[in-house]
Amino acid sequence: MKWVNFEATPVSASITYKDTLRYFMSNSDPDQIILFIVENCSPNKVYFVHNLTFEAFALMKWLTISKLKYKVFSSDSIVYKMSIFYTKNGEEREIRLRCSYRLTLLPLRELASLCGLERTPFPYKVLYREFRRVEKLSSRDFETEDLFKSFVKRFGRIIDFHLILENYCSNEALIVKRGVKKFLLSLEKIFKLPKKLPLTASSLSLMIFFSSKTKIKRSLKLIDDDLIRRSYYGGRCEVFGNLDFGEIALHFDFTGMYASCMSEEVPSGEYKIIEVDQISLPGFYWIKFEQNMEVPILPFRLKQGLFFLNGIEEGWYWYEEILFFQERGGKVRQIKQAILFESYSREIEKFVHDNNSIRSIGGIYNIIGKNNNNTLYGRLGMNPNSRIDEITNFEPKNYEILRMVNGVYSSSKKACRKASNVSVAAAITSKARIRLYKGFLEVKKNGGRLLYCDTDSIVAAFALKSYKRVLNTYLGDVFFDSTKNDTVIPKAVFALPKTYAIKLVNGDEIVKVKGFNNNKTNFNSFKRLFDLGQDYTADSQVFSRKNQSIWLTRDEKRTNLSALTKRTWSCNKTRTSPKKFSDFSEYDYIYVK
């Protein structure tokens, strides 16, 4: 794609079929492209495009010119599948396209390594201007200086851009073909796959799980789902402080935390909602509670996100988290209702064990097993209520038409996921938060001070003169492994959740700013902005859909690095303290009491 007045316009396309690879430039007759697809693609097969969210709109333009019908299915602005309709021998046929990334969760770089290919560097930024056949490139045409040097080493600075474009597109098409083929063949060796393959990795994981006998219900009543969903909180991501004089930071990641939690007992079978005044059985409980802790335990969801606040509040929680809360001094003032299940058993343990065994084979099997374990609980937790968007160049049926522009219909309808059990996902995420908190306690018991956490990782400060005594020693589940490059962190600045800058022992820097995909700042610049309480700004590229096209807009995006909302800064921003429920108004609440 190139960008003409900020609108994505197709430049070229590469298509593979069997051993044939064809390349087309957009200035050639679009009918050639569509004719190749219609003549060579079988209506009985599925064809993969790596990023269908983008490529679908390029095809739509060509299909409109060729006067062929199409149908694009999307949800939350992500295109999952597309159908092209044509008539042959008086019979209407359908060609089905799917998104390879959504199924494999592999970026093209990793897909290439699976099949022994390599992605070639490409001067993407040339496509932001009116390019010539012969181009003299500079580092400004690449995402990074390293990519520019790598490209020049292989192709030189003065290039035939059309030839480079053809080589690049053809190589990308081969990567998708060979990578997906290897992925699917590997899947078939270990699982019995249906003719109609799921669209996503999470749906594939769900299908594999329910192909074996289990007590876990495939779905809940919608009214009950809404109630249990109130106890479904996500992972914990918080800033607790920054390094002080004479301290060094240590970082630890829990290995397979969620897979381990999935192997424990989870709610299954039938369930009932009853009035109770005590916690006597496993289940979800509505409680009124009071917590007053340096690091509060029970989560609470506000419109701004997930918070851990002190004070008095009420909500639904998994019983293990309530009991842990009480063990640590939290007070439960009232218990009103419970959602109790028929059984609590290790229903997912075998699934996790089988996928860990698959991972141990290595290579592509490691990816398959990892995807299955990592996506199952999240897929079970998805809201059963959803919407499907459809874009067609013919009037759709059974859809609510939202608008029609130049003969292209954009429509939508309600959909219900057939498999969704939020009780399992809520229990698993609760178990994970408990395990993370126990890691906090081990760190503090051994002289550490919390600096940052994110779902399954902890960063803590230790005295520079004595930190080595905790290296390579198990502190409960925590193990600071000195053989890993990112364990010992001499310099770090934690500003906001998912926003930080660290400098490692080897001099490497890692700078993350939430919402900024291509931030190019360094550690010192980040620290200066944080110390001065100034905004971090960067040019932002935003892709959006408008009138059935992809549009690129450029804007200056900014975030204040000191605007911490979940806790309160103190001690020159080396410490934070928890906020209280009373710091927020009823307008911040999601659920009405």
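Just so it is clear, the structure is predicted and the values come from calculations on it, not from any experiment. (Residues numbered from 1 in each chain as written. Predicted model: local features only at pLDDT ≥ 70, side-chain atom pairs only at ≥ 80, totals over all residues. Heavy atoms only, no water.)

Below, the discussion takes up the overall build of the protein. The helix and strand tally for the protein stands at 14 helices and 33 strands. Computed over C-alpha atoms, the radius of gyration of the protein comes to 27 Å, within 12% of the 25 Å expected from 2.2 N^0.38 for 593 residues, which places it in the range of a compact globule. Out of the 593 residues in the protein, the part that is buried amounts to 51%. Of the accessible surface of the protein, which amounts to about 29700 Å², a share of 48% is contributed by carbon and sulfur atoms. Treating the 93 positive side-chain charges of the protein as one cloud and the 65 negative ones as another, the clouds have centres 2 Å apart. (Helix = DSSP H or I, 4+ residues; strand = E, 2+ residues; numbered from the N terminus. Rg over C-alpha atoms; globule rule 2.2 N^0.38 Å. Buried < 20%, exposed > 50% of the residue type's maximum accessible area, 1.4 Å probe, protein only. Areas by Shrake-Rupley, 256 points an atom, 1.4 Å probe, with all protein chains shown as cover. Lys, Arg positive; Asp, Glu negative; His and termini not counted. Charge placed at Lys NZ, Arg CZ, Asp CG, Glu CD.)

Another point: helix α12 (residues 364-380). If you check α12, its first and last C-alpha atoms are 24 Å apart, about what 17 residues at 1.5 Å a residue would give, namely 24 Å. Taking burial as the measure, the 17 residues of α12 include 13 buried ones, the bulk of the element. (Expected span 1.5 Å × (residues − 1).)

This paragraph deals with the sheet that holds strand β14 (residues 283-291). If you trace the four strands from one edge of the open sheet to the other, you get β13-β18-β14-β17, paired in antiparallel fashion. The sheet is open, and its two borders are formed by β13 (266-275) and β17 (311-318), each paired with just one other strand. The sheet shows a mean angle of 25° between the axes of neighbouring strands, taken without regard to direction. Bridge count between β14 and β17: eight bridges; the pairing is antiparallel. Opposite Phe284, over in β17, you have Trp318 as the bridge partner. Sheet strands touched by helix α10 (residues 319-327): β14, β17 and β18 (331-345). Its angle to β14, the strand with the most contacts, is close to 30°. Strand contacts of helix α13 (residues 422-445): β13, β14, β17 and β18, with the helix running at about 100° to β13, the strand carrying the most contacts. (Pairing = 2+ DSSP bridges. Axes fitted to C-alpha atoms, helices over the stretch in contact; angles between N-to-C directions. Contact = heavy atoms within 4.5 Å.)

For the rest of this paragraph, the subject is the sheet that holds strand β21 (residues 408-416). The strand order across the open sheet formed by seven strands is β5-β8-β7-β6-β19-β21-β20, and the pairing between neighbours is mixed. The sheet is open, and its two edges are formed by β5 (46-49) and β20 (400-405), each paired on a single side. When the angles between neighbouring strand axes are averaged without regard to direction, this sheet yields 25°. Here strand β6 (residues 69-75) pairs with strand β19 (residues 385-392) via four bridges, running antiparallel. Bridging from a neighbouring strand, Phe73 pairs with Glu390 of β19. On the sheet, helix α2 (residues 52-66) packs against β5, β6, β7 (78-88), β8 (91-99) and β19 and is oriented at approximately 25° with respect to β7.

It is worth spelling out unusual backbone geometry at this point. Despite not being glycine, Asn89 shows a phi value in the positive range, around 55°. One can find Asn89 in the loop between β7 and β8.

Another point: the side chain of Ser345. As for its position among the elements, Ser345 is in strand β18. Classification of Ser345 by relative accessible area gives buried; the value is 17%. Here Glu347 takes part through its side chain, which lies 2.7 Å from a polar atom of the side chain of Ser345. Beyond its immediate sequence surroundings of up to four residues, Ser345 is in contact with Lys215, Glu264, Glu265, Val266 and Ser268. (Polar contact = N/O pair within 3.5 Å; in protein donor to acceptor, adjacent residues only side chain to side chain.)

Moving on, we come to the layout of surface pockets. Each pocket or cavity is described by its volume, and for the second largest pocket that value is around 460 Å³. Taken together, 20 residues line the second largest pocket, and the ones lying closest to its centre are Gly256, Met257, Tyr258, Asn374 and Asp456. Elements supplying a minimum of two residues to the lining of the second largest pocket: α9 (257-262), α11 (349-361) and α12. Partitioning the lining of the second largest pocket into residue classes produces six nonpolar, 10 polar and four charged. (1 Å grid on protein atoms, 1.4 Å probe; cavity = no way out; pocket = protein on both sides within 12 Å on 5 of 7 lines; lining within 4 Å. Points joined across faces, edges and corners; volume = space filled by probe spheres on them. Nonpolar A, V, L, I, M, F, W, Y, C, P; charged D, E, K, R; others polar.)

Empty space among the atoms can be located by rolling a probe the size of a water molecule over them. Under the definition given, this model contains one cavity of 30 Å³ or more. If you go around the largest cavity, the residues you meet are Arg236, Ile297, Phe308, Glu321, Phe324, Arg433, Ile434, Tyr437 and Phe440. Contributions of two or more residues to the lining of the largest cavity are made by α10 and α13. The residue inventory of the lining of the largest cavity, partitioned by class, reads six nonpolar, no polar and three charged.

We now examine the packing of helix α7 (residues 201-210) against α12. α12 packs onto α7 with a crossing angle of 90° between their chain directions and a minimal axis gap of 8 Å. With respect to α12, the axis of α7 lies roughly perpendicular. Residues Ala201, Ser202, Ser203, Ser205, Leu206, Ile208, Phe209 and Phe210 of α7 form the contact with α12, whose participating residues are Asn372, Thr375, Leu376, Arg379 and Leu380. (Parallel < 35°, antiparallel > 145°, perpendicular 65-115°, else oblique.)

All right, on to the nonpolar core then. Within the largest apolar cluster, 103 residues are counted, with the highest numbers of intra-cluster contacts made by Tyr285, Ile348, Ile428, Phe440 and Phe480. The element that contributes the greatest number of residues to this core is α13, accounting for 12 residues. Leave out the neighbours within four places in its chain, and Ile428 touches Tyr258, Cys261, Met262, Val266, Ile348 and Tyr377. With 31 residues, the next largest nonpolar core counts Leu59, Trp62, Tyr70 and Ile95 among its residues. (Core = buried A, V, L, I, M, F, W, Y, C linked by side-chain atoms within 4.5 Å.)

On to the environment of Ser263. Relative to the helices and strands, Ser263 resides in the loop between α9 and β13. Considered as a pair, Ser263 and Val424 are 161 residues apart in the sequence and their alpha carbons are 11 Å apart.

This next bit is on α7. Counting buried positions along α7 gives eight out of 10 residues, so the element sits mostly inside the fold. Residues of α7 that are buried: Ala201, Ser202, Leu204, Ser205, Leu206, Ile208, Phe209 and Phe210. Check the buried side of α7 and you find it contacts α3 (100-104), α6 (161-190), α11 and α12.

Moving on, we come to the pattern of salt bridges. For the structure shown, the criterion picks out 23 salt bridges. A salt bridge links Lys69 to Glu92; its shortest N-O distance comes to 3.2 Å. Highlighted residues: Lys69 in strand β6 and Glu92 in strand β8, separated in sequence by 23 residues. Note that Arg119 and Glu172 form a salt bridge whose closest N and O atoms lie 2.7 Å from each other. With Arg119 in the loop between α4 (108-114) and β9 (134-136) and Glu172 in helix α6, the pair connects residues that are 53 residues apart, well separated along the chain. A cluster of three or more residues bridged by salt bridges with shared partners is formed by Glu264, Glu320, Lys431 and Arg435. (Salt bridge = Lys/Arg side-chain N within 4 Å of Asp/Glu carboxyl O.)

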